[in-house]
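Commentary on secondary and tertiary structure
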Amino acid sequence: MTATVAAPFPGPSLTSRFCAVLGDETRPVRAPFTGEVLYDLPLSTPDDVVLAVARAREVQSGWAQTPLRERVAVIRRFHDLVLAKRDEAMDILQWETGKARGDALEEVLDVCVVAQYYGRLAGRVLRTRRRRGALPLLVGVEEVRRPVGVVGVITPWNYPLTLAAGDTIPALIAGNGVIVKPDPQTSLIAAWVADQFLLAGLPDGLFSVVTGDGPTMGSAVIDAVDYVMFTGSSATGRIVAERCARRLIGCSLELGGKNAMIIRADADLARAAEIAVRACFANTGQLCMAMERIYVHADVHEEFLAHFIPRVLSLRIATAPGWEGDLGCLVSPEHLARVQAHVDDALSAGAIAIAGGRARPDIGPLAFEPTVLEGVDESMILCRDETFGPVVSVYPVLSDDEAIARANDTAYGLNASILSRDVRAARAMARRLHSGSVNINEGYAATWGSTASPVGGLGDSGLGRRHGEGGLLAFTESQTIATQRFLGFGPQLGLDRERWGEVLAAAVGAMKHIRF
Ligand code: NAD
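Bear in mind the structure is a predicted one, so any value in this text is a computation, not a measurement.

Here's the deal with the site of the ligand
Around the ligand there are 28 residues in total, and Thr-155, Lys-181, Thr-236, Leu-255 and Glu-386 lie nearest to it. Separating an oxygen atom of the ligand from a side-chain N or O atom of Ser-233 is a distance of 2.8 Å. Interatomic distance of 2.9 Å between a side-chain N/O atom of Arg-466 and an oxygen atom of the ligand. Compared with its free state, where it exposes 850 Å², the ligand has 88% of that area covered by protein. Those elements giving two or more residues to the shell around the ligand turn out to be helix 7 (214-224), strand 10 (227-231) and helix 8 (234-247). For the shell around the ligand, the element with the most residues is helix 7, which contributes four residues. Class assignment for the residues of the shell around the ligand results in 13 nonpolar, ten polar and five charged.

Some details on the domain arrangement of the protein
Examined at the domain level, the protein breaks down into domain 1 (13-255 + 468-476) and domain 2 (259-451). Taking the mean C-alpha position of each, domain 1 and domain 2 sit 30 Å from one another. The interface is formed by 29 residues belonging to domain 1 together with 29 residues belonging to domain 2. In total, about 2,200 Å² of surface goes out of reach between domain 1 and domain 2, with carbon and sulfur atoms giving 60% of it. Considering only the surface of domain 1 that becomes buried against domain 2, Pro-32, Phe-33 and Trp-157 emerge as the three largest contributors, covering 26% of it. Counting every contact that joins domain 1 to domain 2 gives zero salt bridges. Viewed at the interface, domain 2 and domain 1 are joined by nine residue pairs in polar contact (both at pLDDT 80 or more). Mapped by element, the contributors of at least two residues to the side of domain 1 that touches domain 2 are helix 3 (86-97) and helix 4 (101-126).

Concerning the sheet that holds strand 12 (residues 259-263)
In sheet architecture, strand pairing relies on hydrogen bonds along the backbone and comes in two forms, parallel and antiparallel. Pairing within the open sheet is mixed, and its seven strands lie in the order 14-15-16-13-12-17-18. The strands lining the two open edges of the sheet, one partner per strand, are strand 14 (352-355) and strand 18 (437-440). Mean inter-strand twist for the sheet, computed between neighbouring axes without regard to direction, equals 25°. Strand direction decides the pairing type here: strand 14 and strand 15 (residues 371-374), joined by three bridges, are antiparallel. Looking at the pairing, Ala-353 lines up with Leu-373 of strand 15. Against the sheet, helix 9 (residues 269-281) engages strand 12, strand 13 (291-297), strand 15, strand 16 (391-397) and strand 17 (415-419), with an angle of about 175° to strand 12.

Describing the pattern of salt bridges
One pass over the full model with this rule turns up 25 salt bridges. Notably, a salt bridge pairs Asp-91 with Arg-101, separated by 3.1 Å at the nearest N-O pair. Taken as a pair, Asp-91 in helix 3 and Arg-101 in helix 4 lie far apart in primary sequence, ten residues in all. For Arg-101, a relative accessible area of 6% corresponds to the buried category. Several salt bridges converge on common partners, so that one network encompasses Arg-358, Arg-360, Asp-362 and Glu-369.

Re the layout of surface pockets
A volume near 220 Å³ is recorded for the second largest pocket. As for the second largest pocket, its lining consists of 14 residues, of which Asp-103, Arg-278, Phe-281, Ala-282 and Asp-326 are closest to the centre. Every element with two or more residues in the lining of the second largest pocket is listed here: helix 4 and helix 9. Broken down by element, the lining of the second largest pocket gets its largest block of residues, four residues, from helix 4.

Overview of unusual backbone geometry
Trans peptide bonds make up most of the peptide bonds, and negative phi angles are found at most residues other than glycine. Its identity as a non-glycine residue notwithstanding, Asn-283 has a phi of 55°, on the positive side. Mapping Asn-283 onto the fold places it in the loop between helix 9 and strand 13. At Asn-441, a position not held by glycine, the phi torsion is positive, near 60°. Here Asn-441 lies in the loop between strand 18 and helix 15 (445-449). Taking relative accessible area as the criterion, Asn-441 reaches 17% and is therefore assigned buried.

Points about the packing of aromatic side chains
Considering all chains together, one arrives at eight aromatic pairs under this definition. An aromatic cluster of at least three residues, connected via ring pairs, comprises Phe-78, Phe-197 and Phe-207. Between the NZ or CZ atom of Lys-99 and the centre of the ring of Tyr-159, over which it lies, the distance is 4.1 Å.

Section: the side chain of Ser-435
Tracing the sequence through the fold places Ser-435 in the loop between helix 14 (423-430) and strand 18. Among the polar contacts listed, one links the side chain of Ser-435 to the backbone oxygen of Leu-414, at a separation of 3.4 Å. For Ser-435, the side chain forms a polar contact with the main-chain oxygen of Ser-437, separated by 2.8 Å. Not counting the four nearest positions on each side in its chain, Ser-435 is found in contact with Gly-413, Leu-414, Asn-415, Ala-416 and Leu-458.

Digging into the pairing of strand 17
In the case of a regular strand, side chains alternate between the two sheet surfaces. The element strand 17 is extensively covered by neighbouring structure, given that five of its five residues are classed as buried. Burial along strand 17 is two-sided: Asn-415, Ser-417 and Leu-419 facing one way and Ala-416 and Ile-418 facing the other are all buried. Direction of pairing for strand 12 relative to strand 17: parallel, over a ladder of four bridges. Each residue of the ladder has a partner; that of Met-261, found in strand 17, is Ser-417.

Re helix 9
Compared with the 18 Å implied by 1.5 Å per residue over 13 residues, the 18 Å span of helix 9 between its first and last C-alpha is a close match. For helix 9, every residue scored as buried is listed here: Leu-269, Ala-272, Ala-273, Ile-275, Ala-276, Val-277, Ala-279, Cys-280 and Phe-281. Buried residues belonging to helix 9 abut strand 12, strand 13, helix 10 (301-313), strand 15, strand 16 and strand 17. The residue sitting at the N-terminus of helix 9 and contributing the capping side-chain oxygen is Asp-268; that oxygen lies 3.3 Å from the backbone nitrogen of Ala-270. Asn-283 sits one or two residues past helix 9 and shows a positive phi near 55°.

What counts, and at which threshold
- Per chain, residues are indexed from 1 in the order of the written sequence.
- Only residues with pLDDT of at least 70 get local features here, since the model is predicted, and only at 80 or more are side-chain atom pairs given and counted; chain-wide, interface and lining totals rely on the full set of residues.
- Calculation of side-chain values draws on the structure's entire complement of heavy atoms; hydrogens and water are dropped beforehand.
- Proximity criterion: a residue is near a molecule or strand once any of its heavy atoms comes within 4 Å of it.
- Residues adjacent in sequence count toward polar contacts only when both atoms are side-chain atoms; beyond that, a polar contact is any pair of N or O atoms within 3.5 Å, and within protein one must be able to donate a hydrogen and the other to accept it.
- Only the protein chains shown count as covering a residue, and every accessible area follows the Shrake-Rupley method with a 1.4 Å probe.
- Each helix is a run of H or I in the DSSP string that is no shorter than four residues. Each strand is a run of E no shorter than two, and both are numbered from the N terminus.
- Gly is put with the polar residues, along with every residue not named as nonpolar or charged; the nonpolar set is Ala, Val, Leu, Ile, Met, Phe, Trp, Tyr, Cys and Pro, and the charged set is Asp, Glu, Lys and Arg.
- In this document the domain limits rely on a domain assignment from an automatic tool or a database.
- Whether two residues touch is decided by their heavy atoms; if any such pair falls within 4.5 Å, the residues are in contact.
- Buried surface area refers to the total accessible area, computed with a probe of radius 1.4 Å, that the two partners give up upon joining, counted for both partners together.
- Put simply, a salt bridge is a Lys or Arg side-chain nitrogen that is within 4 Å of an Asp or Glu carboxyl oxygen.
- Between any two strands, at least two bridges found by DSSP are needed for them to pair.
- The convention used is that axes are lines fitted to C-alpha atoms, helices contributing only their stretch in contact, and that angles between N-to-C directions extend from 0 to 180 degrees.
- For the exposure calls, accessible area comes from a 1.4 Å probe over protein chains only, and a residue counts as buried if that area is under 20% of its type's maximum, exposed if over 50%, partly exposed in between.
- A cavity here means a set of points on a 1 Å grid, drawn over the protein atoms and nothing else, where a 1.4 Å probe fits but cannot get out; a pocket is an open set with protein on both sides within 12 Å along at least five of seven lines, and a residue lines either one if it has an atom within 4 Å of a point.
- Grid points are joined across faces, edges and corners, and a volume is the space filled by probe spheres set on the points.
- Two rings belonging to Phe, Tyr or Trp (six-membered ring only in the last case) form a pair when the distance between their centres is within 6.5 Å. Interplanar angles under 30 degrees mark stacking, angles over 60 mark edge-to-face geometry, and anything in between is tilted.
- Both a distance and an angle decide whether a charge sits over a ring: NZ of Lys or CZ of Arg must be within 6 Å of the ring centre and within 35 degrees of the ring normal.
- Multiplying one less than the number of residues by 1.5 Å gives the expected span of a helix.

Here's what the structure looks like:
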């Protein structure tokens, strides 16, 4: 059964169907740009999840038997649809999240890059492999990759297209069914993804969207699926991990960060300022990989700020869909209150805002100025807690060693950045950073965009990785099929146990000298 939502915003037809929504209840979804109600979201119930997963299971076994090239062909058609209909996607993204259009385009392009990457990679990574047998020639071994079954993808609101589609693509290519539980604020874009999959030829029911709040509906998804791909806060990640553990199902947890940028004394400071602006304020700072701390060598601290601050002050806040605006609005009044509370706490304890620092209700109900703080210390909440907004603190440091020590002084470990003309020294420093990814002379795009390499967090930033071969293999289980030939493991050739034991010991000793 499907529910249809006609969104009242302009642009092409934005009617989308939610594939597995049966509940009668709705909740209003408001546009961050204006505060107006965009549409009434039909809410799923836990029973809907059970039905959606049962339906996905029925279809999944046939999908897993479908030749890989046909599965990949569906994903390629999906890629073409997303790219061709990008304006539609960007409209929905801007209305639901309040993000700038450039940030919405990044989501579209990211999904396409991921589709291309896994489309090319899948044949090599998913093929059955011959492995060395316990006894050469006597045991033939195959390692087979099987889909896990039905994957639950639970996503936050900040990159709702990238995360709903980007993690679904490898799961589907691997032969799984997928149930997506988006954040309630961004369900329409997930439903739009469902529409495109159906148009691309994905079997009906293999991919479904269920809507609703996290504790009820996220839990219902975890209780029904075979693997969970979760992206969200570290606090929720712990709850998800515990629930998965109880069911003994695997999960990948992509969580928060308090990312640090290090600007070495030899950095090109004009370029550093340009990189820092993107790294701190992309997606209005509501980006898990965004920089919230900048450690800049004291020798160049003032000069860096002389480049950085004018750039920050020139940023324009978008308050309507379209290409106007370098950064968007915050996603909700609750999130604005959190960002403001972090900034106010710091200011009241002696920090100084050298740019921004306040909400701009005169521009839009959820507009917040891009903010740069100095004088932040350990007593302030935003020194260590993730703010997840357009707010960065700048700290002078006296050496590379101090920069590394302070960058590592966090429970998180998601992303880091080093800006330096000496790339060799920067690469050596990168290895000392407690961070799942390190960008040299970039903020986040170099590692995130390099889809062939894994990204993910250390410490409180998560478990598991997306992208790379592992990002596909995570949605599979290995199965080992070994065939015994000729002789068995028990005594053979009429030998007693003792003699046979000597033969085996001699064979194992000889194997040490054989190159396989
Ligand atoms: P959140 O943890 O509150 O919500 C994320 C998703 O989990 C939503 O769909 C929500 O409904 C659901 N959820 C909430 N409680 C749940 C529960 N008890 N069981 C199951 N599901 C539940 O996160 P948020 O505040 O919406 O998102 C922002 C956070 O996401 C930030 O910390 C950010 O750093 C992180 N994030 C991380 C990555 C990454 O790749 N590491 C990417 C984007 C965002």
